[in-house]
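Understanding the architecture of this molecule
Take a look at the letters that make up each chain.
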Amino acid sequence: MKRLKASMEWSKFIVLLVGLVAFVFPFILLIVNSFKENKAITASPLSLPGSFNLANYESAFTKMNYVSAFSNTVIITVLSVLLISVLAAMTAHFFVRNQSKFNQYTFFLMVAAMIIPFQAIMIPLVKVYGNLHLLDNKWSLIYMYLGFGSPLAVFIYHGFVKSIPAELEEAAMIDGCTRTQTFFRIVFPVLAPTSVTIAILNVLWIWNDFLLPSLVLTSSEQRTLPLSTFYFYGTYTVDYGPLMAGLLLTILPILIVYLFAQKFIIQGVMQGSIK
Amino acid sequence: MISEKGLWSRLRLRLLFTGPTLFAFATVMIVPFLYGIYLTFTNWDGISTTSTMVGFENYAYVLKDAVFWKSFYLTLKYVIISVALVNVVAFLLAYFLSSGLKGQSFFRAGFFIPNLVGGIVLGFVWQFIFSNVLVSIGQKTGIAVFGTSWLADPDKAFFALIIVTVWQYAGYMMVIYVAGLMNVPKDIMEAASIDGATAFRKLRTMILPLMVPSFIVCVFLSLQRTFMVYDLNLTLTKGGPFKSTEMVSMHVYEKAFLSRDYGVGQAEALVLFLLVAGITLLQVYFSKKLEVEA
């Protein structure tokens, strides 16, 4: 019986391992082919590279304008995520502690708006912001991410602020803190685990987003990584080598982050799903 | 709660705490949404500064637009198949990866990887696999299914989209199911084991009913994401061959920004919103009825 159980465990392990290898196989293919020449890629995409050739990377690096695309993506992602986390926490806190009819309706409106797909907003969005000459500008894009990202963030924070005892804040205020000080010194630090969750969900979304930046950022200097990958691929379709390298360069930053923060990211996604 | 005295200081506090988010939310989501409803009654072409009111003409056009409905039915088919597959695969993975297997957190981390990468990149990677790697395998081994590119055949291109979708989302939903499985109370599971329940029986009569909240969340999330699929559609198949895989989101985009028919495009977007909202609300309503208390 015991031996049967152990061999069951082993077969389960092996099935899962095979599944995992099949799952990450596309990425392995990408790595392998990014070191090969075009001819070798089309002739036998599965074979290992003959030599360790970095030419594809050099070419992709310059053609994608990698440095500029990377820094644009970092600036946009970091600022949007910071703004969403801090401002949404403040809003959720205010909603929980000042329960007026107006606040309840506003909160309900935000939650209800989460069901609106981006596609139902994109056309008027481009028209309104185009008329105001606010397109092709990363600051507008960051502002839009705040608008699109705050409903979910406020919703998640709202649930967690409710679990903070109000006495904690009252004590701080009796000791002379203003509401703002109480929020930043007491409430926001207590909410740190939730902030991590919100930051993770938003980084995954904003870093990889394509449709919104493609509508907002029109000039090539403003492009983010997904945009520059898209235009690069459109222009150099036959050049497989540099393409593989380019795709890998796009994935690499987030893969490296994942390697180190993998536990938090998985936990963040878990937390985000439990209301 | 201690509250501030005076109207002015209360207003200032409100503006400070809720002003930025509510202003951004209103100007980015609510105003465009309402303005979008107005746009559906005009014939704006995207360039001219004036546009005339055309009443319900755009909606009449949408109802008759065979291409829109074709892409809608295609999307519906795609959504149903992929939501079902994503959730079955994700649940099985979660079930096997929370049974105390050695290295299970390593496995979880591995299956999650596709979610780190955006649809644009995934589409390109899989385009290479379907049109080069598989074709090369097919030619070398003589397996007929892989002989020609899947992306050149309408039916196979559709299934290519589904395969990539399942591959992309299964890991994400798996994580949510793992969270749900961890919330299944240990004591009643043990009690069931002592009473001699088999693994399958425990799964059917205890775990699945207790997991309904996780199913609601996952089906809701996968419905939302698959209905609105755009990046993957754009880079994997470009809607081809011959527009046979053009999903509704791509159709709306093309109508508005490429054919410069903003009024019709927006009307289609709103019709789409109403249909999706209806479907997701129904889904949540009916699955809430299935929930049980542990």
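Starting afresh in each chain, residues are numbered from 1 along the sequence in its written order. Labels are handed out in written order, letters beginning with A for the chains and numbers beginning with 1 for the ligands. Per-residue local features are limited, in this predicted model, to residues with pLDDT of at least 70; the limit for side-chain atom pairs, both in listing and counting, is 80 or more; totals at the level of whole chains, interfaces and linings are taken over all residues. Heavy atoms from the whole structure form the basis of all side-chain values; hydrogens and water molecules are not counted.

**Concerning the overall build of chain A**
Condition: Strands are runs of DSSP state E lasting at least two residues, helices are runs of H or I lasting at least four, and both sets are numbered from the N terminus onward. Radius of gyration: C-alpha atoms only; globule rule: 2.2 Å multiplied by the number of residues to the exponent 0.38. Only the protein chains shown count as cover for residues, and all accessible areas are computed by the Shrake-Rupley method using a 1.4 Å probe. Charged residues are defined here as Lys and Arg on the positive side and Asp and Glu on the negative side; His and the ends of the chain fall outside this count. Charge placement uses NZ in Lys and CZ in Arg. For Asp and Glu, CG and CD serve respectively.
On a plain count of helices and strands, chain A comes out with 13 helices and zero strands. Overall, chain A shows an N-to-C arrangement of helices and strands of α-α-α-α-α-α-α-α-α-α-α-α-α. Against the compact-globule benchmark of 19 Å for 275 residues, chain A has a radius of gyration of 24 Å, which places it well outside the compact range. Surface exposure of chain A reaches about 12900 Å², of which carbon and sulfur atoms provide 70%. The centroid of the 17 positive side-chain charges in chain A is displaced by 10 Å from the centroid of its 11 negative side-chain charges.

**Concerning the overall build of chain B**
How we decide: In what follows, residue pairs with any heavy atoms lying within 4.5 Å of each other are defined as contacts.
Each helix and strand counted, chain B has 12 helices and zero strands in total. Starting at the N terminus, the α and β elements of chain B follow one another as α-α-α-α-α-α-α-α-α-α-α-α. Here the C-alpha radius of gyration of chain B, 24 Å, is well above what a compact globule of 294 residues would show, namely 19 Å. The principal-axis extent of the C-alpha atoms belonging to chain B is close to 80 × 75 × 30 Å. The long-range share in chain B, meaning contacts at least 24 apart out of those at least 6 apart in sequence, stands at 71%. For chain B, the centre of its 22 positive side-chain charges and the centre of its 16 negative side-chain charges are spaced 6 Å apart.

**Details of the interface of chain A and chain B**
Which entries qualify depends on this criterion: Buried area: the sum, over both parts, of the accessible surface (1.4 Å probe) that disappears when the two are put together. A pair is scored as a salt bridge if a Lys or Arg side-chain nitrogen falls within 4 Å of a carboxyl oxygen belonging to Asp or Glu. By the criterion applied in these results, polar contacts are pairs of N or O atoms within 3.5 Å in which, for protein atoms, one can donate a hydrogen and the other can accept it, and in which residues neighboring in sequence qualify only through two side-chain atoms. Under the convention adopted here, Pro, Cys and the residues Ala, Val, Leu, Ile, Met, Phe, Trp and Tyr are nonpolar, Asp, Glu, Lys and Arg are charged, and Gly plus all remaining residues are polar.
The interface is formed by 90 residues belonging to chain A together with 87 residues belonging to chain B. When chain A packs against chain B, close to 8100 Å² is buried across both sides, 79% of that on carbon and sulfur atoms. For the pair chain A and chain B, the interface holds zero salt bridges. One can count 14 residue pairs in polar contact (both at pLDDT 80 or more) joining chain A with chain B. A per-class count over the side of chain A that touches chain B returns 64 nonpolar, 18 polar and eight charged.

**With respect to the environment of Ala-152 of chain B**
Among the structural elements, Ala-152 of chain B can be located in the loop between α5 (119-141) and α6 (154-182). Note: C-alpha distance between Ala-152 of chain B and Leu-270 of chain B (118 residues apart in sequence) is 32 Å.

**Concerning a nonpolar patch on the surface**
All names here are of chain A. Worth spelling out the cut-off: Each patch groups residues whose relative accessible area exceeds 30% and which form no salt bridge, using 9 Å between like charges and 5 Å between nonpolar side chains of Val, Leu, Ile, Met, Phe, Trp and Tyr.
Taken together, the side chains of Ile-75, Val-78, Leu-79, Leu-82 and Trp-139 present a nonpolar region at the surface, about 460 Å² in accessible area. By residue number, the principal contributor to the nonpolar patch is helix α4 (residues 66-97), which donates four residues. Within the secondary structure, Trp-139 is located in helix α7 (residues 138-161).

**So, helix α8 (residues 166-174) of chain A**
Residue and element names in this part refer to chain A. Filter applied, for reference: A 1.4 Å probe rolled over the protein chains alone gives each residue an accessible area, and that area as a share of the maximum for its type sets the label: buried under 20%, exposed over 50%, partly exposed in between. Here the arc refers to the set of directions running from the helix axis out to each C-beta atom.
Along α8, the residues classified as buried are Glu-169, Ala-172 and Met-173. The buried residues of α8 all sit within an arc of 100 degrees when viewed along its axis, so they share a single face. Along α8, exposed side chains directed more than 90 degrees from the buried face belong to Glu-167 and Ile-174. Lining the buried residues of α8 we find α4 and α9 (179-190).

**A few points about the packing of aromatic side chains**
Each aromatic ring pair is characterised by the separation of its centres together with the angle its planes make. Our working definition: Centres within 6.5 Å are what make two rings of Phe, Tyr or Trp a pair, Trp counting through its six-membered ring; a difference in plane orientation under 30 degrees is then read as stacked, over 60 as edge-to-face, and the rest as tilted. In this scheme, Lys NZ or Arg CZ marks a charge over a ring once it lies within 6 Å of the ring centre and within 35 degrees of the ring normal.
The tally for this structure, following the rule as stated, stands at 43 aromatic pairs over all chains. Both rings, one in Phe-158 of chain B and one in Phe-159 of chain B, keep their centres 5.5 Å apart while their planes meet at 85 degrees; by these two values the pair is edge-to-face. Using a relative accessible area of 42% as the deciding quantity, one classes Phe-159 of chain B as partly exposed. Cluster of aromatic residues (ring-pair linked, three or more members): Phe-23 and Phe-27 of chain A together with Phe-111, Trp-126, Phe-130 and Trp-167 of chain B. Looking at Lys-77 of chain B, its charged tip hangs above the ring of Phe-158 of chain B, at a distance of 4.7 Å from the centre. Positioned over the ring face of Tyr-172 of chain B is Arg-225 of chain B, at 4.6 Å from the centre of the ring.

**Quick look at the side chain of Asp-209 of chain A**
Along the chain, the position of Asp-209 of chain A falls in the loop between α10 (192-208) and α11 (211-216). Buried charge Asp-209 of chain A goes without a salt bridge, the closest partner of opposite sign being Arg-225 of chain B at 11 Å. The contacts of Asp-209 of chain A, once residues within four sequence positions are left out, are Tyr-145 and Pro-226 of chain A.

**Topic: the pattern of salt bridges**
All names here are of chain B. Evaluated as defined, the whole model comprises two salt bridges over all chains. Close ionic contact of Asp-65 with Lys-255 constitutes a salt bridge, the shortest N to O distance being 4.0 Å. Of this pair, Asp-65 sits in the loop between α2 (57-64) and α3 (66-96) while Lys-255 sits in helix α11 (residues 248-258), and the two are 190 residues apart along the sequence. Take Asp-65: its relative accessible area is 7%, and that puts it in the buried class. Look at Lys-255 and you get buried, because its relative accessible area is 13%.

**What about the packing of α9 of chain A against helix α1 (residues 7-39) of chain B?**
Cut-off, in case you're wondering: Axes, fitted as lines to C-alpha atoms, cover a helix only where it is in contact. Angles between the N-to-C directions of the axes lie from 0 to 180 degrees. Orientation categories follow fixed angle ranges, with anything under 35 degrees roughly parallel, anything over 145 roughly antiparallel, 65 to 115 roughly perpendicular, and all other angles oblique.
The interhelical angle for the contact between α9 of chain A and α1 of chain B, taken along N-to-C directions, is 30 degrees, at an axis separation of 11 Å. Overall, the two elements α9 of chain A and α1 of chain B adopt an arrangement that is roughly parallel. Counting all contacts with α9 of chain A, which are made through Arg-179, Thr-180 and Phe-183 of chain A, the residues of α1 of chain B involved are Leu-13, Leu-16 and Phe-17 of chain B. Partitioned by chemical class, the residues of the contact of α9 of chain A with α1 of chain B number four nonpolar, one polar and one charged.

**What to know about the packing of α3 of chain B against helix α9 (residues 212-227) of chain B**
Residue and element names in this part refer to chain B. Rules: The sense of a crossing depends on the near helix, which, turned anticlockwise from the far helix by less than a right angle, makes the crossing left-handed and, turned clockwise, makes it right-handed.
Contact geometry for α3 and α9: axes closest at 9 Å, N-to-C directions at 145 degrees. Along this stretch, α3 crosses α9, giving a crossing that reads as right-handed. Facing α3, whose interface residues are Phe-72, Thr-75, Leu-76, Tyr-78, Val-79, Ser-82, Val-83, Asn-87 and Phe-91, α9 presents Phe-215, Cys-218, Val-219, Ser-222, Leu-223, Thr-226 and Phe-227. Its residues assigned to classes, the contact of α3 with α9 shows 11 nonpolar, five polar and no charged.

**Let's talk about the confidence of the model for chain B**
Low pLDDT means the predicted atomic positions in that stretch should not be read closely. Quick note on the threshold: On a range of 0 to 100, pLDDT expresses the predictor's confidence in each residue.
Of the residues in chain B, 95% reach a pLDDT of 70 or more, and the chain-wide mean stands at 83. For this predicted complex, the interface confidence score (ipTM) comes to 0.85, while the overall pTM stands at 0.87.

**Section: unusual backbone geometry**
Residue and element names in this part refer to chain A. One non-glycine residue with positive phi stands out, namely Asn-65, at about 55 degrees. Of the residues examined, Asn-65 reaches a relative accessible area of 44% and is grouped as partly exposed. A positive phi is found at His-133, a non-glycine position, where the angle reads about 60 degrees. Looking at the secondary structure, you find His-133 in the loop between α6 (122-131) and α7. Looking at His-133, the relative accessible area reads 71%, which means it is exposed.

**Focus on the side chain of Lys-127 of chain A**
Of note, Lys-127 of chain A is situated in helix α6. Excluding residues within four positions of it along the chain, Lys-127 of chain A makes contact with Tyr-35, Leu-39 and Trp-44 of chain B.

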